[in-house]
Amino acid sequence: MATDQATTPPAPEIQSHDLSQVILLHPPPVFNYFKDLFSKKFHLLKAWESPLPLHEFLTNHAHSTQAMLCSGTGPPISADVMRLLPSLRLVVTTSAGLNHIDLTECRNRGISIANAGEVFSEDVADLAVGLLIDVFRKVSASDRYVRHGLWATKGDYPLGSKLGGKRIGIVGLGSIGFQVAKRLEAFGCNISYNSRKRKDFVSYPFYTNVRELAANSDVLIICCGLTEQTRHMINREVLLALGKEGVIVNIGRGAIIHEKELVQCLVQGEIGGAGLDVFENEPDVPKELFELDNVVLAPHMAVFTTESFKDLCDLMIGNLEAFFSKKPLLSLVMNE
Amino acid sequence: MESIGVLMLIPMNSYLEQELQRRYNLFKLWTAPQKPQFIKEHADSIRAVVGNAFAGADAELIEALPRLEIVSSFSVGVDKIDLAKCREKGIRVTYTPDVLTEDVADLAIGLMLAVLRRLCESDRYVRSGKWKKGDYKLTTKFTGKTVGIIGLGRIGMAIAKRAEAFNCPICYYSRTGKPDTEYKYYPSVLELASNCQILVVACSLTAETRHIVNREVMNALGPKGVLINIGRGPHIDEPELVSALVEGRLGGAGLDVYEHEPEVPEELFGLENVVLLPHVGTATVETRKAMADLVVGNLEAHFSNKPLLSPLV
């Protein structure tokens, strides 16, 4: 398919003509496992497979394309990109986060957005809890210790810290934050939170700012999205308020935390430990963290389970099918 | 007043040693160049023994201490103590239930998450620089998986409560059914293993429960099943466990205990579906202090003729 386009003039769409067109700039991670489910139902225009530069590909091939499928990885869906898609009415993203999409442009042009909704909230919440237990109880560190044969030669590993009774500060009490809270309550933890707005359906103490939440917590769990307001929201001041025994877990976006300041605080012992699934510049991870046993590192994998990917796939296809048959979207994002 | 001799078998906690030393004449068995001789030398004054999960008052030791009145274990598992002999001789036995229940249950769930979501393996993946070459693969969701618990005592119930917060259906096996729970009961471990996805050992070690998880049980749990052991190593037939994992007949394992601690079968070191911990079920600063206080509290109660705080015998 790609080779034809290099030598012949742009041809009218010759394959899968009955199927509705969907433009993709970059393969979403879910394609590695479920690509066929999509290509059976839709005519996929895959910009990355073309030797043409992006703007040419879009101009020549996607002029009448109404729907786009994107993910958090790959090029941002900027106003410039969207201007090359005059017929675009829908952007479906495989992520819960929307920071890679120009929301203002979508609002102005009346382009609907559908995201992953709550399809992997449970898996993300599970990972947050798993990372927290790992840091508190030194699971990965002592697994390393055993595998290096040190238990027999050096004796017992240093003691960890009890989870029960700890004060958990959840930053962002959306779908994921709420699932995290529900789980940690069963471990005897005390939950408080900071969010853009107070939530009526919970009775957890609400803090109006993150620094105050940190000052009254033993743990901070970052569950919010990345926006202009939340970029670098967790900085040195907040970390110092969390304190020397404090632990931070991030399953949101790397840039919510000021990474350089986090590294400094960890190296200098200003906070007690960290469990991180996301980083400012993935897949780069600050090397200083590799020296630390009180840090657990994960490769942005919170949604990478077989179950979530299958559920995500079903949801993405469901949204696209709904759009093309003029039915309500399954996971429409309110973009106001 | 003659000072009370307390024999501590192995090092277990420096705060506990400190507190015992302040109150009693503490004999540290591990410092003796010749243990039998050391015991003989001090047998006249030793009225209490403090042991733990690794070392306890067996028949031989009890016989060698004619003035022994009380064994106070720094653990809830008492399989290393000859309880029958203690009963026979009227020796009291105390242990440390309740104060460590939460920590052990927390760790059981931590192991489940670590195995299913490959936490240790992917931490290694990041540290080795492999993430720069590509994403880690898909792992398995924990929420909603059926959890089967062997032994629905204090720890088993605490594990169930936590797993329920992850919407995990709970089923169990125990010597007798527990009528006031709503969890599904199976009359054998084999049936339990055939009907759950994660099997966790949470019962005490006795002659009956040794190798309660054998080849048959592991085959029933299967290539997608995960086995978690926060009980005692001998609950599981360890050589059979190793071959089940190596051959892929068992999907994964999270182990905190082994048949011959601190030895861990090296065949397991290369497996990415296994998490290996060095018997840390109760290893937090908070819980070890609470356990130590209970050991000391029991000894104080005994030697001042007050009711024991947590007697077993």
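Residues numbered from 1 in each chain as written. Chains lettered and ligands numbered in written order. Predicted model: local features only at pLDDT ≥ 70, side-chain atom pairs only at ≥ 80, totals over all residues. Heavy atoms only, no water.

Per an unreviewed UniProt entry, chain B is named glyoxylate reductase (NADP(+)), and its organism is Lithocarpus litseifolius. Chain B has a UniProt comment under Sequence similarities (unreviewed entry) that states "Belongs to the D-isomer specific 2-hydroxyacid dehydrogenase family." (UniProt positions renumbered as here; feature names shortened; annotations may be inferred.)

Looking at an unreviewed UniProt entry, one finds chain A named glyoxylate reductase (NADP(+)), with Lithocarpus litseifolius as its source organism. According to the UniProt record, the Sequence similarities (unreviewed entry) comment for chain A reads "Belongs to the D-isomer specific 2-hydroxyacid dehydrogenase family."

The next subject is the confidence of the model for chain A. In this model, chain A carries a mean pLDDT of 94, and residues with pLDDT of at least 70 account for 95%. Low pLDDT, under 50, characterises residues 1-5 of chain A; the predicted model gives this stretch seven contacts beyond four residues in sequence or across chains. (pLDDT = per-residue confidence, 0-100. Contact = heavy atoms within 4.5 Å.)

So, about the interface of chain B and chain A. Every contact between the two is made by 58 residues of chain B and, on the other side, 54 residues of chain A. The contact between chain B and chain A buries some 5,200 Å² in all, and 59% of this surface belongs to carbon and sulfur atoms. Of all residues in chain B, Arg127(B), Trp131(B) and Leu138(B) bury the most surface against chain A, accounting for 16% of the area lost on that side. Across the contact surface, chain B and chain A share nine salt bridges. Residue Glu122(A) pairs with Lys141(B) through a salt bridge whose shortest N-O separation is 3.0 Å. Run the count over chain B and chain A and you get 30 residue pairs in polar contact (both at pLDDT 80 or more). Looking at the side of chain B that touches chain A, the elements with two or more residues in it are α5 (101-116), α6 (119-127), α7 (154-164), β12 (274-276) and α11 (285-303) of chain B. Along the lines of polarity and charge, the residues of the side of chain B that touches chain A split into 29 nonpolar, 11 polar and 18 charged. (Buried area = accessible area lost by both parts, 1.4 Å probe. Salt bridge = Lys/Arg side-chain N within 4 Å of Asp/Glu carboxyl O. Polar contact = N/O pair within 3.5 Å; in protein donor to acceptor, adjacent residues only side chain to side chain. Helix = DSSP H or I, 4+ residues; strand = E, 2+ residues; numbered from the N terminus. Nonpolar A, V, L, I, M, F, W, Y, C, P; charged D, E, K, R; others polar.)

On to the pairing of strand β2 (residues 25-28) of chain B, then. All names here are of chain B. Relative to β2, strand β1 (residues 5-8) runs parallel, the two sharing four bridges. Opposite Val-6, over in β2, you have Leu-26 as the bridge partner. Handedness of the crossover is the feature at issue here: the chain leaves β1, passes through helix α1 (residues 14-23), returns alongside β2, and the resulting connection is right-handed. (Pairing = 2+ DSSP bridges. Right-handed = clockwise from strand over helix to strand, strands pointing away.)

Right, let's get into the side chain of Thr181(B). All names here are of chain B. Looking at the secondary structure, you find Thr-181 in the loop between β7 (170-173) and β8 (184-185). Overall, the relative accessible area of 16% leaves Thr-181 in the buried class. Setting aside its immediate chain neighbours within four residues, Thr-181 contacts Leu-152, Met-157 and Tyr-172. (Buried < 20%, exposed > 50% of the residue type's maximum accessible area, 1.4 Å probe, protein only.)

UniProt feature "domain: D-isomer specific 2-hydroxyacid dehydrogenase catalytic" (unreviewed entry): in the numbering of this structure it lies at residues 12-311 of chain B. When the span residues 12-311 of chain B is considered, its composition is 36% helix and 15% strand, and the gap between its end C-alpha atoms is 20 Å.

What follows deals with the packing of aromatic side chains. Inspection of every chain in the model, using the stated rule, returns 17 aromatic pairs over all chains. Summarising the aromatic geometry, the rings of Phe31(A) and Phe38(A) are spaced 5.3 Å apart at their centres and angled 45° between planes, so their arrangement reads as tilted. An aromatic cluster of at least three residues, connected via ring pairs, comprises Phe31(A), Phe38(A) and Trp48(A). Sitting over the ring of Tyr186(B), Lys184(B) keeps its end group 5.0 Å from the ring centre. (Phe/Tyr/Trp six-rings, centres within 6.5 Å; stacked < 30°, edge-to-face > 60°. Lys NZ or Arg CZ within 6 Å of the ring centre and 35° of its normal.)

What follows deals with the UniProt feature "domain: D-isomer specific 2-hydroxyacid dehydrogenase NAD-binding" (unreviewed entry) in chain B. UniProt feature "domain: D-isomer specific 2-hydroxyacid dehydrogenase NAD-binding" (unreviewed entry): in the numbering of this structure it lies at residues 109-281 of chain B. Counted over residues 109-281 of chain B, helix gives 29% and strand 14%. Its end C-alpha atoms are 11 Å apart.

Before going further, it helps to spend a moment on the sheet that holds β7(B). All names here are of chain B. What the seven strands build is an open sheet, ordered β8-β7-β6-β9-β10-β11-β12; its pairing is parallel. Both outer strands of the open sheet, β8 and β12, are each paired with one neighbouring strand and no more. Bridge count for strand β11 (residues 252-255) against β12 is three bridges, and the pairing is parallel. Each bridged residue has a counterpart across the sheet, and for Leu-255 the counterpart in β12 is Leu-276.

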